[in-house]
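Take a look at the letters that make up each chain.
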Amino acid sequence: SQTIHQWPATLVQPVGSPLSLECTVEGTSNPNLYWYRQAAGRGLQLLFYSVGIGQISSEVPQNLSASRPQDRQFILSSKKLLLSDSGFYLCAWSVLSNQPQHFGDGTRLSIL
Amino acid sequence: AQSVTQLDSHVSVSEGTPVLLRCNYSSSYSPSLFWYVQHPNKGLQLLLKYTSAATLVKGINGFEAEFKKSETSFHLTKPSAHMSDAAEYFCVVGGAGTASKLTFGTGTRLQVTL
C-alpha cells in the first residue's frame, strides 16, 4: 500500500532563517506531488506541484521554492523565512487524473 | 473553471442525531467530487469520492454523499453523529489534466455535543 511521510511534524524557526521540509511517498511510482499551506482558520492554498522529477510548477509568487530531486521526494525550501510563512504545510500525492489526492500529516511551522 | 461552495462554515449537532454538510459545485465538465475530513493538527483524510459511477456514494465511518447534477450539489450526510466526528470537513472538486489540481471549499467545522 502507498504511504506518505512528512517531517518534521512541528518546527519553530526565527525570522530570516532557512527552511527545508521533506516529503516522501512509498509504494507508487511517478506520482504527482503537491505542497499546500493552510493558514489558521482558512482553507488550503496550493503552493507547488510536480508531475515528474525536476518539474516544478508554482501557483503563487512567494518566498518559498520547491524541488523534486527523486521520483518520490518533494522538498519545500526557503532561504530566509518571513513571519507570513507561518502555517500548516501539507504534502500530497496522486497518480491519476481526476482521482483524489492523499495527504501527509503536515508540518506546523511557527516563525518567531 | 470550477468552484466549490460550502454553505455552512459551522454546524453543531447533538450526538446520535443526523449530520448534513452542504456543498454546491460549479464545473465546466463532468466533475470528480470528494469529501475530506481534517482533525486538529492532522492532514486531510479522504472520506469518499464520486467519479461518475453511482450517484450515491458511501464512504468511511458511516458517511455518504449524493451527487445531484440538476442541483449541482454533493451534500455529505451521516445518520447518527458520534463525538469522534467533530472535525473540519472539506468538499473538493477534482481537476482534469495531468496535474489533477483540486479546488477546495472553505470548510465546515462540525461540532458534536452531548
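Residues numbered from 1 in each chain as written. Chains lettered and ligands numbered in written order. Predicted model: local features only at pLDDT ≥ 70, side-chain atom pairs only at ≥ 80, totals over all residues. Heavy atoms only, no water.

**Some points on the interface of chain B and chain A**
How big an interface is tends to be stated in terms of the accessible area lost upon association of its parts.
In step 1: Across the contact, 23 residues belong to chain B and 23 residues belong to chain A.
In step 2: Roughly 1800 Å² is buried in total at the junction of chain B and chain A, and carbon and sulfur atoms are behind 52% of that figure.
In step 3: Between Lys101 of chain B and Glu59 of chain A there is a salt bridge, with its nearest N and O atoms 3.3 Å apart.
In step 4: By residue class, the composition of the side of chain B that touches chain A is 9 nonpolar, 11 polar and 3 charged. (Contact = heavy atoms within 4.5 Å. Buried area = accessible area lost by both parts, 1.4 Å probe. Salt bridge = Lys/Arg side-chain N within 4 Å of Asp/Glu carboxyl O. Nonpolar A, V, L, I, M, F, W, Y, C, P; charged D, E, K, R; others polar.)

**Looking at the pairing of strand S11 (residues 107-111) of chain A**
Residue and element names in this part refer to chain A.
In step 1: Side chains of S11 alternate between two faces, with Thr107, Leu109 and Ile111 buried and Arg108 and Ser110 left unburied.
In step 2: Across 4 bridges, strand S2 (residues 10-13) lies against S11 in parallel orientation. When the bridges of S11 are listed, Leu11 appears paired with Leu109.
In step 3: As judged from the 3 bridges shared by strand S9 (residues 87-94) and S11, these two strands associate in the antiparallel manner. Each residue of the ladder has a partner; that of Tyr89, found in S11, is Thr107. (Buried < 20%, exposed > 50% of the residue type's maximum accessible area, 1.4 Å probe, protein only. Helix = DSSP H or I, 4+ residues; strand = E, 2+ residues; numbered from the N terminus. Pairing = 2+ DSSP bridges.)

**Some thoughts on the sheet that holds strand S1 (residues 3-7) of chain A**
Strand-to-strand pairing in sheets goes through backbone hydrogen bonds, with the strands running parallel or antiparallel.
Residue and element names in this part refer to chain A.
In step 1: A sheet is described by the order of its strands in space; here 4 strands give the open sequence S1-S3-S8-S7, paired in antiparallel fashion. Strand pairing shows two members of the sheet lacking a second neighbour, S1 and strand S7 (65-70), which therefore form its edges. For this sheet, the mean angle separating the axes of adjacent strands, direction not counted, is 20 degrees.
In step 2: As paired strands, S1 and strand S3 (residues 19-26) are joined by 5 bridges and run antiparallel to one another. Across the sheet, Trp7 pairs through a bridge with Glu22, a residue of S3. (Axes fitted to C-alpha atoms, helices over the stretch in contact; angles between N-to-C directions.)

**Section: the nonpolar core**
In step 1: Within the largest apolar cluster, 26 residues are counted, with the highest numbers of intra-cluster contacts made by Trp35, Leu48, Phe74, Leu76 and Tyr89 of chain B.
In step 2: Top element by residues in this core is strand S10 (residues 87-93) of chain B. It accounts for 4 residues.
In step 3: With 20 residues, the next largest nonpolar core counts Val25, Leu47, Leu76 and Trp93 of chain A among its residues. (Core = buried A, V, L, I, M, F, W, Y, C linked by side-chain atoms within 4.5 Å.)

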